[in-house]
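Overview (structure and organization)
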Amino acid sequence: MLVFEAKLEGTKEQYERLDEAIRTARFVRNSCLRYWMDNKGIGRYELSAYCAVLAKEFPWAKKLNSMARQASAERAWSAIARFYDNCKKNIPGNKGFPKFKKHKTRDSVEYKTSGWNLSDDRRTITFTDGFKAGSFKIWGTRDLHFYQLKQIKRVRVVRKADGYYVQLCLDLERLEKREPTGKTIGLDVGLNHFYTDSDGQTVENPRHLRKSEKALKRLQRRLAKTRQRSNNRKKAQNRLGRKHLKVSRQRKDFAVKLARCVVQSNDLVAYVDAPAACRRLDLLVSNMVKNHKLAKSISDAAWSTFRQWVEYFGKVFGVATVAVPPQYTSQKCSNCGEKVHKSLSMRTHCCPHCRFVIDRDWNAAINILELALRTVGHTGSHASGDIDLCLGEETPQGKPSRGKRKPRQ
């Protein structure tokens with residue numbers, strides 16, 4: 001699934017109608033969630049059927065396209081299913097009980113295969129549901145002439161601080177070719193440096209939030225001085241939201257470009273995974289954020305975003321991405337294998353057994369790569385991509401499934 005995003009250009013009245021559609025989609029989602037709370041045990045199909053009941057009961061909800069109402073019900077069921085899944089896996093801490101969505105700057109409404117039309121030149125999109133938002137000009141860098149209309153499975157309208165955007169979800173599988181390099185790399189993320197690899201190379205931490213903190217504080221003070229429900233307050237909120245949006249885009253752009261460079265330059269990428277109790281790096285980071293002295297720096301580093309893009313580009317380019325458990329990667333000596341206990345403030349690894357001196361993060365990156373090379377080939381590893389093919393070796397063909405036995409002659 002590929003997602004192309006472009007900005008929508010329209011009039012103020014058209015934007016207001018899009019806001020009505022977004023509010024209606026949020027109402028349907030929250031109503032389905034309340035229906036599930038009042039009737040425990042119902043499933044996905046009952047929520048989808050409840051959308052028709054809402055359309056009959058509320059005439060303004062009927063203006064929203066029927067498939068858009070079903071998409072809002074699917075969002076509610078997605079939150080419910082995630083809660084059930086966390087309970088089954090016995091994830092520690094908060095299980096993520098579904099919550100009602102509130103009014104906020106970033107919100108969206110999602111259409112499926114109806115309720116919208118693309119022009120022949122692929123430069124204009126028209127929304128044809130009951131709100132009659134009309135035609136919007138599309139501003140983007142993607143050329144949609146390469147794709148057929150039947151490949152577009154979903155159209156999502158997203159409201160952000162700097163305007164309205166349309167996201168086109170295409171049913172395509174992205175695969176790109178690359179020449180094997182024969183290199184392997186282990187990555188250890190940190191705060192002093194964004195990451196240190198097994199070759200001793202480091203990438204500086206950009207610290208986008210820290211660099212913009214002075215401007216954010218100034219905009220926050222201006223917002224605090226405005227009167228409640230005034231136009232000046234809305235303008236101040238918009239300026240503050242635009243600044244936060246710029247910081248998030250800078251962070252994402254850095255993670256995407258760096259992940260693509262790492263994957264294209266190596267045939268195997270190893271990184272730290274969450275422990276068995278957390279199962280996900282997102283939960284591991286959320287536990288680390290509880291440290292109030294390092295919470296802002298950890299959030300600004302965006303390790304989870306970088307890991308997600310490494311895994312994505314690994315599938316695109318056919319590169320093995322292996323996640324290894326972080327236990328004792330910093331304590332273990334990469335030279336002799338003995339454990340050397342050290343506090344977080346000790347940034348240099350000095351082994352008393354073999355007198356090996358190396359940077360702490362460099363030592364951890366070497367251990368991560370060593371663990372990944374052991375994991376490759378084992379079933380149940382978090383490796384994505386064809387490992388043998390990425391390392392320049394031929395992959396043996398799988399044994400064909402057993403067919404029907406031929407009758408004896």
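For clarity, every value in this text was computed on a predicted model and none was experimentally measured.

Rules and cut-offs
Residues take numbers from 1 onward in each chain, read along the sequence in its written order. Residue-level local features of this predicted model are given only where pLDDT is at least 70; pairs of side-chain atoms are given and counted only at 80 or more, and the full residue set underlies all totals for whole chains, interfaces and linings. Side-chain descriptors were evaluated using all non-hydrogen atoms of the structure, hydrogens and water having been removed beforehand. For the purposes of this entry, the term helix denotes a DSSP run of H or I that reaches at least four residues, the term strand denotes a run of E that reaches at least two, and both are numbered from the N terminus. Relative accessibility under 20% of the residue-type maximum defines a buried residue, over 50% an exposed one, and the middle range a partly exposed one, all with a 1.4 Å probe and only protein chains included. In this description, contact between two residues means that some pair of their heavy atoms is separated by no more than 4.5 Å. All accessible areas in this document rest on Shrake-Rupley with a 1.4 Å probe, and a residue is counted as covered only by the protein chains that are shown. A residue's pLDDT is the predictor's confidence in that residue, given on a scale from 0 to 100. The rule is simple: put a 1 Å grid over the protein atoms alone, call a set of points where a 1.4 Å probe fits but cannot get out a cavity, call an open set with protein on both sides within 12 Å along at least five of seven lines a pocket, and count a residue as lining if it has an atom within 4 Å of a point. Grid points are joined across faces, edges and corners, and a volume is the space filled by probe spheres set on the points. Only Asp, Glu, Lys and Arg are considered charged in this grouping, and only Ala, Val, Leu, Ile, Met, Phe, Trp, Tyr, Cys and Pro are considered nonpolar; every other residue, Gly among them, is considered polar. A pair of Phe, Tyr and Trp rings is counted when the ring centres sit within 6.5 Å of each other, with Trp represented by its six-membered ring. The angle between the planes then sorts it: under 30 degrees is stacked, over 60 is edge-to-face, the rest tilted. Over a ring means this: the NZ of a Lys or the CZ of an Arg is within 6 Å of the ring centre and within 35 degrees of the ring normal. Criterion used throughout: strands pair if DSSP finds at least two bridges between them. To get an axis, a line is fitted to the C-alpha atoms, and for a helix only the part in contact is used. The angle between two axes follows their N-to-C directions and goes from 0 to 180 degrees. Side-chain atoms alone can form a polar contact between residues adjacent in sequence; in general such a contact is a pair of N or O atoms within 3.5 Å, and within protein one must be able to donate a hydrogen while the other accepts it. Any two cysteine sulfur atoms lying within 2.5 Å of each other are counted as a disulfide.

Further remarks concern the overall build of the protein chain. For the protein chain, the count of helices and strands is twelve helices and 14 strands. Across the 409 residues that make up the protein chain, the buried fraction comes to 41%. A separation of at least 24 residues holds for 66% of the contacts in the protein chain among residues at least 6 apart in sequence. Approximately 24,700 Å² of the protein chain is accessible, and the part contributed by carbon and sulfur atoms is 50%.

Turning our eyes to something else, we now look at the confidence of the model for the protein chain. Averaged over all residues, the pLDDT of the protein chain equals 85, while 87% of them reach at least 70. The low-confidence segment residues 274-283, where pLDDT is below 50, has 22 contacts with residues more than four positions distant or belonging to other chains. Below pLDDT 50 for its whole length, residues 377-406 participates in 28 contacts with residues either more than four positions away or in separate chains.

In this structure, the largest pocket spans a volume of roughly 1,300 Å³. What lines the largest pocket is a set of 26 residues, among which Val3, Glu5, Lys252, Val256 and Trp309 lie closest to the centre. Put simply, the parts of the chain that give the lining of the largest pocket at least two residues each are strand S1 (2-9), strand S7 (163-170), helix H7 (231-265) and helix H10 (303-317). It is H7 that contributes the most residues to the lining of the largest pocket, nine residues altogether. When its residues are assigned to classes, the lining of the largest pocket shows eleven nonpolar, four polar and eleven charged.

Right, let's talk about the packing of aromatic side chains for a bit. One pair of aromatic rings is described through two measures. These are the centre distance and the angle between the planes. Across all of its chains, the model carries 21 aromatic pairs by this definition. Pairing Phe4 with Tyr147 gives two aromatic rings, centres 5.4 Å apart and planes at 55°, and the pair type is tilted. Of this pair, Phe4 sits in strand S1 while Tyr147 sits in the loop between strand S5 (134-139) and strand S6 (152-160), placing them 143 residues apart in sequence. Exposure remark for Phe4: the relative accessible area of 6% places this residue in the buried category. Judged by centre distance (4.7 Å) and plane angle (55°), the ring pair of Phe27 and Trp60 falls under tilted. Of the two residues, Phe27 is situated in helix H1 (residues 12-38) and Trp60 in helix H3 (residues 59-62); the sequence distance between them amounts to 33 residues. Overall, Trp60 belongs to the partly exposed group, its relative accessible area being 39%. Three or more aromatic residues link up through ring pairs in this structure, and these residues are Tyr15, Tyr111, Phe127, Phe136 and Tyr164. If you follow Lys160 out to its NZ or CZ, it ends over the ring of Tyr165, 4.8 Å from the centre. Across from the ring centre of Tyr328, 3.8 Å away, lies the NZ or CZ of Lys339, which sits over that ring.

Moving on, we come to the sheet that holds strand S9 (residues 193-197). Strand pairing in a sheet is mediated by backbone hydrogen bonds. Such pairs are either parallel or antiparallel. Strands sit in the order S10-S9-S8-S11-S12 across an open sheet of five strands; the sheet is mixed. Among the strands making up the open sheet, the edge pair consists of strand S10 (202-204) and strand S12 (320-324). The mean angle between the axes of side-by-side strands here comes to 20°, regardless of whether they run parallel or antiparallel. Bridge analysis of strand S11 (residues 268-272) against S12 gives five bridges, and the strand direction is parallel.

What follows deals with the side chain of Lys112. Structurally, the position occupied by Lys112 is in the loop between strand S2 (107-111) and strand S3 (116-118). Among the polar contacts listed, one links the side chain of Lys112 to the side chain of Glu74, at a separation of 2.8 Å. Excluding residues that lie within four positions of it along the chain, Lys112 makes contacts with Met67, Gln70, Ala71, Glu74, Lys153, Arg154 and Val155.

In this structure the tally under the stated criterion is five cavities of 30 Å³ or more. By volume, the largest cavity amounts to about 100 Å³. Along the walls of the largest cavity sit Phe4, Glu5, Ala6, Arg122, Arg123, Ile138, Gly140, Thr141, Arg142, Leu144, Val166 and Leu168, which together make up its complete lining. The set of elements that each furnish at least two residues to the lining of the largest cavity consists of S1 and S7. Broken down by element, the lining of the largest cavity gets its largest block of residues, three residues, from S1.

As a further point, take the state of the cysteines. All told, the structure shown has zero disulfides when counted by the stated rule. Between Cys350, a free cysteine, and Cys351, which holds the nearest cysteine sulfur, the sulfur-to-sulfur gap is 9.2 Å. Residue class for Cys350 comes out partly exposed when judged on its relative accessible area of 44%.

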